[in-house]
Amino acid sequence: MCLGIPGRIVAVTDAGRQMALADISGVRREVSLACVGGEDPEAVVGRWALIHVGFAMALIDEEEAQRTLEALRRMGEEAEALDAMAESARALEAGE
């Protein structure tokens, strides 16, 4: 399964190579705009994009970005709860 994480494009770092700086939940990473930059990479500064393995794969609106970020947060919380339940079950089995 491939997962794109929403990030906001904050600056172009190398227009010739179509590289930009993206803010992904407070972490800044350099990403390629080759899939979304078109002829003017500056046109995507301030926009949200789905980021996957260093590439801005698709531009999305802020509402979709926020919904996706919230879903990812919930998935993380659910995964933590499932891990805690599994750990408790293992502890119970070990005590028998």
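Residues numbered from 1 in each chain as written. Predicted model: local features only at pLDDT ≥ 70, side-chain atom pairs only at ≥ 80, totals over all residues. Heavy atoms only, no water.

The next thing to look at is the overall build of the protein chain. The number of helices and strands found in the protein chain is 1 helix and 5 strands. For 96 residues, the compact-globule estimate of 2.2 N^0.38 gives 12 Å, and the C-alpha radius of gyration of the protein chain, at 18 Å, exceeds that figure by more than 25%. In the protein chain, which comprises 96 residues, the share counted as buried stands at 23%. Across the protein chain, the fraction of contacts at a sequence separation of at least 24, relative to all contacts at a separation of at least 6, is 38%. (Helix = DSSP H or I, 4+ residues; strand = E, 2+ residues; numbered from the N terminus. Rg over C-alpha atoms; globule rule 2.2 N^0.38 Å. Buried < 20%, exposed > 50% of the residue type's maximum accessible area, 1.4 Å probe, protein only. Contact = heavy atoms within 4.5 Å.)

Another point: a negative patch on the surface. Among the surface-exposed residues, Glu77, Glu78, Glu80, Asp83 and Glu87 lie close enough to one another that they form a single negatively charged patch. On the secondary structure map, Glu77 appears in helix 1 (residues 62–95). (Patch = residues over 30% accessible without salt bridge, like charges linked within 9 Å, V, L, I, M, F, W, Y side chains within 5 Å. Areas by Shrake-Rupley, 256 points an atom, 1.4 Å probe, with all protein chains shown as cover. Salt bridge = Lys/Arg side-chain N within 4 Å of Asp/Glu carboxyl O. Lys, Arg positive; Asp, Glu negative; His and termini not counted. Charge placed at Lys NZ, Arg CZ, Asp CG, Glu CD.)

Even without being glycine, Gln18 reaches a positive phi, approximately 55°. By the secondary structure assignment, Gln18 is in the loop between strand 1 (5–14) and strand 2 (19–24). Although it is not a glycine, Val53 sits at a positive phi angle of roughly 40°. Checked against the element boundaries, Val53 lands in the loop between strand 4 (48–52) and strand 5 (55–60). Exposure remark for Val53: the relative accessible area of 66% places this residue in the exposed category.

Quick look at the pattern of salt bridges now. A complete count under the given rule lists 6 salt bridges for this structure. The salt bridge partner of Arg8 is Glu62, with a shortest N-O separation of 3.5 Å. Of the two residues, Arg8 is situated in strand 1 and Glu62 in helix 1; the sequence distance between them amounts to 54 residues. What makes Arg8 partly exposed here is its relative accessible area of 28%. Overall, Glu62 belongs to the partly exposed group, its relative accessible area being 44%. Put simply, Glu70 and Arg73 hold a salt bridge, and the shortest N to O gap is 3.5 Å.

Two elements, strand 1 and strand 4, share 4 bridges in a ladder whose sense is antiparallel. Paired with Gly7 across the strands is Ala49, a residue of strand 4. Pairing of strand 4 with strand 5 involves 5 bridges; the strand directions are antiparallel. By the bridge assignment for strand 5, Ile51 is matched with Ala56. (Pairing = 2+ DSSP bridges.)

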